[in-house]
Amino acid sequence: MANIEKISGQDVPSGGITANAVSDSGVQVYGTGGLWTNPAVTAVFNVGTADTTHTFTKIVGSYAYIQFHALKSDGTLWYWSQNNTYMSSSYFTADGTWRQYGTATDWEDICGGQFSFGAIKNGNIWFLGSGSYRQRGDGSTGGVSNWTQVNSAGNWVQIYHGYRNAWAINDSGEAYSTGYGYNYMTGQGTTSTIATFTREKNSLTNIVEVKGGYRCTFLRNSSGDVYFTGANNNSKAGPNISTTSDVNGPNLSVNSSVHYVCAALGGHNDHGGCHIDSDGYLRFNGEASSYMRPDNSTTDAKGSSSGLRLTSLGTGWTYYDAMDFAGSSGNLLGIAIKSGALYMGGQDSQQLKPTFDSTSNQLWIEVRSGVTTAFQRLNVLIAG
């Protein structure tokens, strides 16, 4: 593993008060600033107690509040919260404990946004949180503090909340969006706001995945092609798009017959990020001085040079996320999973490094093993 420091399993520094150790298994929350996960710890680092009683297939979180939701393989929905903002105490207990929401076993997908959560339940779209940016997709801007069904088409299979917009994919492989249209990020051919889920303007087919970046969106089809729409500063769209201008798409950005076959999309920030190819390599796009490249190189890969394969890191990568909601001065933290090991790095990762007894720098490090799903936002990381 080129230039990555392995520290998995080490204890965090005591500073006179001992925090919980980093675990090699179980669901665990990490953060800085004398955090909620372990109230006895008042230093600038913290690791929550590992919870080995739960195994989740997907964990998501709010980018604004200390709240997480998770799915289990049996279709049940779970949550973990430390405050009741948009999560009413009538329905949620904010005590930092994993609790099941209701008794239903037909929850199929979940996502976390800036001030909201989305879900697919029995083919229908559900919403929780602030509706200010029309992410509900039912025409309302009202916030809801309990899970609320907002679309009953019955054929939805995937949901994603991006920067002030939301996307959904149906079982026919069609992609729909709603919300603010900055820089053409909703793929509707306009920068205006739309209030209900509407199919993107190019009527793409066989779409299987959607991920976001700051004011932009990536879509992947079943053949491994990638499409892009929105802000393309730092030329991170992909090797098929050379312009630095906004892209009024979704336009083809990775041609699977020419560039590489994309197997998984990665969340990008304003500077860049990585997708994953069908061989399990990371493919980097954008500006590298913010350390969004897990090989710790500061060499850019922009425009036709984007989609750069990070060969030195080898194969086995299954997940990458560096999504951020704050633009060029945003929170530059990235995480990635390789063969069950969780890695973290980026310009703002140094604020979390004391948690893992690591030098406070921008370099990527291995955090722990035994990970299948993870979520990040500035100063908060959860893995399970």
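Residues numbered from 1 in each chain as written. Predicted model: local features only at pLDDT ≥ 70, side-chain atom pairs only at ≥ 80, totals over all residues. Heavy atoms only, no water.

Scanning the chain from terminus to terminus reveals zero helices and 29 strands. A compact globule built from 384 residues should have a C-alpha radius of gyration of about 21 Å, and the chain, at 20 Å, falls within 12% of that. Counting over 384 residues, the chain shows a buried share of 60%. Taking all contacts inside the chain whose residues are at least 6 apart in sequence as the whole, residues at least 24 apart take part in 52%. Separation between the mean location of the 22 positive side-chain charges and that of the 27 negative ones in the chain comes to 3 Å. (Helix = DSSP H or I, 4+ residues; strand = E, 2+ residues; numbered from the N terminus. Rg over C-alpha atoms; globule rule 2.2 N^0.38 Å. Buried < 20%, exposed > 50% of the residue type's maximum accessible area, 1.4 Å probe, protein only. Contact = heavy atoms within 4.5 Å. Lys, Arg positive; Asp, Glu negative; His and termini not counted. Charge placed at Lys NZ, Arg CZ, Asp CG, Glu CD.)

With that settled, the discussion passes to the pattern of salt bridges. One pass over the structure, following the stated rule, counts 10 salt bridges. Of the charged contacts in the structure, one is a salt bridge between aspartate 277 and arginine 283, with a shortest N-O distance of 2.9 Å. Residues arginine 293 and aspartate 295 are paired through a salt bridge, measuring 2.7 Å at the closest nitrogen-oxygen approach. The burial state of arginine 293 is the same as that of aspartate 295; both residues are buried. Taken together, the salt bridges that share partners define one network made up of Glu209, Lys211 and Arg220. (Salt bridge = Lys/Arg side-chain N within 4 Å of Asp/Glu carboxyl O.)

What follows covers the packing of aromatic side chains. The final tally for this structure, using the stated rule, is 25 aromatic pairs. Summarising the aromatic geometry, the rings of tyrosine 163 and tyrosine 182 are spaced 6.1 Å apart at their centres and angled 35 degrees between planes, so their arrangement reads as tilted. One end of the pair, tyrosine 163, is in the loop between β12 (156–161) and β13 (165–170); the other, tyrosine 182, is in the loop between β14 (175–179) and β15 (194–199), and 19 residues separate them in sequence. Seen from the ring of tyrosine 182, arginine 215 lies directly overhead, with NZ or CZ sitting 4.1 Å from the centre. Over the aromatic face of tyrosine 281 sits the side chain of arginine 309, whose NZ or CZ is 4.3 Å from the ring centroid. (Phe/Tyr/Trp six-rings, centres within 6.5 Å; stacked < 30°, edge-to-face > 60°. Lys NZ or Arg CZ within 6 Å of the ring centre and 35° of its normal.)

Let us look at the environment of threonine 52. Its location among the elements puts threonine 52 in the loop between β3 (46–47) and β4 (58–61). A relative accessible area of 57% places threonine 52 in the exposed class. Considered as a pair, threonine 52 and glycine 384 are 332 residues apart in the sequence and their alpha carbons are 9.0 Å apart. Excluding its chain neighbours within four sequence positions, the residues that come into contact with threonine 52 are Ser25 and Gly26.

Turning our attention to the environment of glycine 346. With respect to the helices and strands, the residue glycine 346 is situated in the loop between β26 (341–345) and β27 (365–368). When its relative accessible area of 0% is taken as the criterion, glycine 346 is described as buried. With 14 residues separating them in the primary sequence, glycine 346 and leucine 332 have C-alpha atoms 5.6 Å apart. Setting aside anything within four residues of it in sequence, one finds glycine 346 in contact with Ser290, Tyr291, Met292, Leu332, Gln362 and Trp364.

To find leftover empty space, one rolls a probe the size of a water molecule over the atoms. As a volume, the largest pocket reaches approximately 600 Å³. Forming the boundary of the largest pocket are 31 residues, of which Lys58, Val60, Lys211, Tyr319 and Ala374 lie nearest the centre. Of all the secondary-structure elements, those providing two or more residues to the lining of the largest pocket are β4, β8 (107–112), β12, β16 (207–213), β24 (317–321) and β28 (374–377). The residue makeup of the lining of the largest pocket, split by class, is 17 nonpolar, nine polar and five charged. (1 Å grid on protein atoms, 1.4 Å probe; cavity = no way out; pocket = protein on both sides within 12 Å on 5 of 7 lines; lining within 4 Å. Points joined across faces, edges and corners; volume = space filled by probe spheres on them. Nonpolar A, V, L, I, M, F, W, Y, C, P; charged D, E, K, R; others polar.)

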